[in-house]
Amino acid sequence: MGEIVILGIDTSCDDTSASVVVDGRRILSNVVSSQTEIHRFYGGVVPELASRRHIEMIIPVVQEALSRASVELKDLSAIAVCYGPGLVGSLLVGCCFAKSVSYVEGVPLIGVNHLEGHIFSAFLLEEAPQFPFLCLVVSGGHTSLIRVDGVRQYREVGRTRDDAAGEAYDKVAKLLGLGYPGGPIIDRLSEEGDPETVTLPRGLMHEGFDFSFSGLKTAVRNLIEKIPKPISSDTLRNLCASFQEAVIDVLARKTFKALESEGLQRLVLAGGVAANRALRERMALEADRKGITLYLPPPQLCTDNGAMIASAGYFHYLQKNFAGIDLTAKAYLPVG
Ligand code: KG4
Ligand code: ZN
């Protein structure tokens, strides 16, 4: 078998992304067109605006990905597209585009679950994980602990019962008037803050592997109401650091407890929040202490991208798991 060249497309939320990956591991191009400027004004993603922008961007983004990779449509072994979960209007753009190209060019089509994509971002690392492993997918839409025994062998061990961790970051940033997306801003401000100044709640800390972040968000809101305005920059930094510490503490403790309970030795961190500096440090430190091998994709592969979809698509390709022309966008799509 020659080289398998896959075009991966993700339009599940507010980034239009396309990437060309060889043999599931070697990135030839990875183009991400961010819509942050459009949604910043609203403090969060506006679904209707997101899908309209995807329509404008999908062709130029794919063209750019192909041209940077020096690949033409006819060279592709397959097109892998994320078909859920996500914003249905946004997903539809990627799906319709991928189906049309697949039909016209006669290139096989592969449907990839968005969470599965995040899991496979680890296969783009120089050293890929071996099965089985535990993956913490922590993003704006998801916070899940997934046991991965092989390709298409996933079991969700725990998940958020309300807000995702990234969503909590974005909402707290909005409450503090910091801008969107909140994660990177709070990450930066926390660097100079003291996480010990305020104690914030750790949701469901002693109850299994599910997460809850809405109580934390409410606690921050109540605290903000009591603070004299304008909030001083020191108070702001301390508040950010305390919030971040509360999020990371729950994520880390539950993840390592799940590793122990599942008898696993390998951990993959994925999703936008996995780009967080303090979370990466805490996970690395604890993994080292506990003899767990940690796989940490670089920040640009943690946030949404087409390369992770292409990588997951490659493993479907090996299993000849192709999609038909009836592939359609799914707002809700369990990974297990
Ligand atoms: O994976 P992603 O790009 O999209 C989803 O699938 O949701 O994740 C986006 C989320 C946003 O909530 C954003 O605030 C958060 O990831 N994020 C971060 C950081 N960078 C992005 N959260 C904390 N620290 C960061 N450095
Ligand atoms: Zn994502």
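Up top is the structure these notes are about.
Peer 1: Quick question: what am I supposed to make of the overall build of the protein here?
Peer 2: Secondary structure summary: the protein contains 11 helices and 10 strands in total. Scaling as 2.2 N^0.38, a compact globule of 336 residues should have a C-alpha radius of gyration of about 20 Å, and the protein matches this with 20 Å. With respect to the principal axes defined by its C-alpha atoms, the protein has extents near 60 × 45 × 30 Å. For the protein, the proportion of its 336 residues judged to be buried stands at 57%. Total accessible area on the protein stands at roughly 14300 Å², and carbon and sulfur atoms take up 51% of it. Taking the average place of the 33 positive charges on the side chains of the protein and the average place of its 39 negative ones, the gap between the two points comes to 4 Å.

Peer 1: It is not clear to me how the coordination of the zinc ion (ligand 2) should be interpreted in this structure. Could you clarify?
Peer 2: Angles between donor atoms at a metal ideally measure 109.5 degrees for a four-coordinate tetrahedral arrangement and either 90 or 180 degrees for a six-coordinate octahedral one. Protein coordination at the zinc ion (ligand 2): the donors are His 114 (NE2), His 118 (NE2) and Asp 304 (OD), at 2.0 to 2.1 Å from the metal. Taken together, the four donor atoms coordinating the zinc ion (ligand 2) span angles of 94 to 145 degrees at the metal, a pattern that classifies the geometry as irregular. Expressed as a motif, the donor residue spacing for the zinc ion (ligand 2) is H-x3-H-x185-D. Of this pair, His 114 and His 118 both sit in helix H4 (residues 114–120), four residues apart, which is roughly one turn of the helix. Across this residue pair, the class does not change: His 114 and His 118 are buried.

Peer 1: Sorry if this is basic, but what is going on with the nonpolar core here?
Peer 2: When a protein is soluble and globular, its nonpolar side chains tend to lie buried together. Ranked by size, the top nonpolar core spans 65 residues in total, and within it Ile 6, Leu 7, Ile 9 and Ile 119 carry the most contacts. At eight residues, helix H11 (residues 306–318) tops the list of elements feeding residues into this core. Shared between two domains, this core holds at least three residues of each, these being domain 1 (5–122 + 301–318) and domain 2 (131–296). Beyond its immediate sequence surroundings of up to four residues, Ile 9 is in contact with Ser 17, Ile 58, Val 62, Ile 79, Ala 80, Val 81, Cys 82, Gly 94, Phe 97, Ala 98, Gly 306 and Ile 309. Grouped together as the second largest cluster of nonpolar side chains are 49 residues, Leu 145, Val 220, Phe 243 and Ala 274 included.

Peer 1: Please explain the packing of aromatic side chains as it appears in this structure.
Peer 2: Any aromatic ring pair is given by two values, namely how distant the centres are and how the planes are angled relative to each other. Per the counting criterion, the structure on display carries 11 aromatic pairs. Between Phe 211 and Phe 213 the ring centres are 6.1 Å apart and the planes differ by 10 degrees, which places this aromatic pair in the stacked class. Note on Phe 213: relative accessible area 1%, which makes it buried. What links up through ring pairs into an aromatic cluster is the set Phe 120, Phe 123, Phe 131, Phe 133, Tyr 314 and Phe 315. Just above the ring of Phe 211 sits the side chain of Lys 254; from NZ or CZ to the centre is 5.9 Å.

Peer 1: Hey, could you run me through the packing of helix H7 (residues 214–226) against helix H8 (residues 233–262) in this one?
Peer 2: In a pair of packed helices, the angle between the axes and the distance between the axes together describe the arrangement. The interhelical angle for the contact between H7 and H8, taken along N-to-C directions, is 165 degrees, at an axis separation of 11 Å. The orientation of H7 relative to H8 falls into the category roughly antiparallel. The handedness of the crossing between H7 and H8 is right-handed. From H7, Leu 216, Val 220, Leu 223 and Ile 224 reach across to H8, where they touch Leu 239, Phe 243, Ala 246 and Val 247. Here the contact of H7 with H8 is composed, by residue class, of eight nonpolar, no polar and no charged.

Peer 1: I would appreciate a short explanation of the site of ligand 1 in the present structure.
Peer 2: Every one of the 21 residues lining ligand 1 counts as a neighbour, but Gly 140, Asp 170, Asp 187, Asn 276 and Asp 304 are closest to it. In this structure, an oxygen atom belonging to ligand 1 sits 3.2 Å away from a side-chain N or O atom of His 114. With respect to ligand 1, the backbone of Gly 140 contributes an N or O atom lying 2.9 Å from an oxygen atom. In isolation ligand 1 has 550 Å² of accessible area, and contact with the protein removes 90% of it. Those elements giving two or more residues to the shell around ligand 1 turn out to be H4, helix H5 (165–175) and helix H6 (182–190). Of all the elements, H6 adds the most residues to the shell around ligand 1, at four residues. Taken together, the residues of the shell around ligand 1 sort by class into six nonpolar, 12 polar and three charged. Taken domain by domain, the shell around ligand 1 gets at least three of its residues from each of domain 1 (5–122 + 301–318) and domain 2 (131–296).

Definitions and limits used
- Residues numbered from 1 in each chain as written.
- Chains lettered and ligands numbered in written order.
- Predicted model: local features only at pLDDT ≥ 70, side-chain atom pairs only at ≥ 80, totals over all residues.
- Heavy atoms only, no water.
- Helix = DSSP H or I, 4+ residues; strand = E, 2+ residues; numbered from the N terminus.
- Rg over C-alpha atoms; globule rule 2.2 N^0.38 Å.
- Buried < 20%, exposed > 50% of the residue type's maximum accessible area, 1.4 Å probe, protein only.
- Areas by Shrake-Rupley, 256 points an atom, 1.4 Å probe, with all protein chains shown as cover.
- Lys, Arg positive; Asp, Glu negative; His and termini not counted.
- Charge placed at Lys NZ, Arg CZ, Asp CG, Glu CD.
- Donors = N, O, S within 2.8 Å, 3.2 Å for Na, K, Ca; no water.
- Tetrahedral: all angles 85-135°; square planar, octahedral: opposite > 155°, others 65-115°.
- Core = buried A, V, L, I, M, F, W, Y, C linked by side-chain atoms within 4.5 Å.
- Domains from an automatic or database assignment.
- Contact = heavy atoms within 4.5 Å.
- Phe/Tyr/Trp six-rings, centres within 6.5 Å; stacked < 30°, edge-to-face > 60°.
- Lys NZ or Arg CZ within 6 Å of the ring centre and 35° of its normal.
- Axes fitted to C-alpha atoms, helices over the stretch in contact; angles between N-to-C directions.
- Parallel < 35°, antiparallel > 145°, perpendicular 65-115°, else oblique.
- Left-handed = near helix turned anticlockwise from the far one by under 90°.
- Nonpolar A, V, L, I, M, F, W, Y, C, P; charged D, E, K, R; others polar.
- Near = heavy atom within 4 Å.
- Polar contact = N/O pair within 3.5 Å; in protein donor to acceptor, adjacent residues only side chain to side chain.

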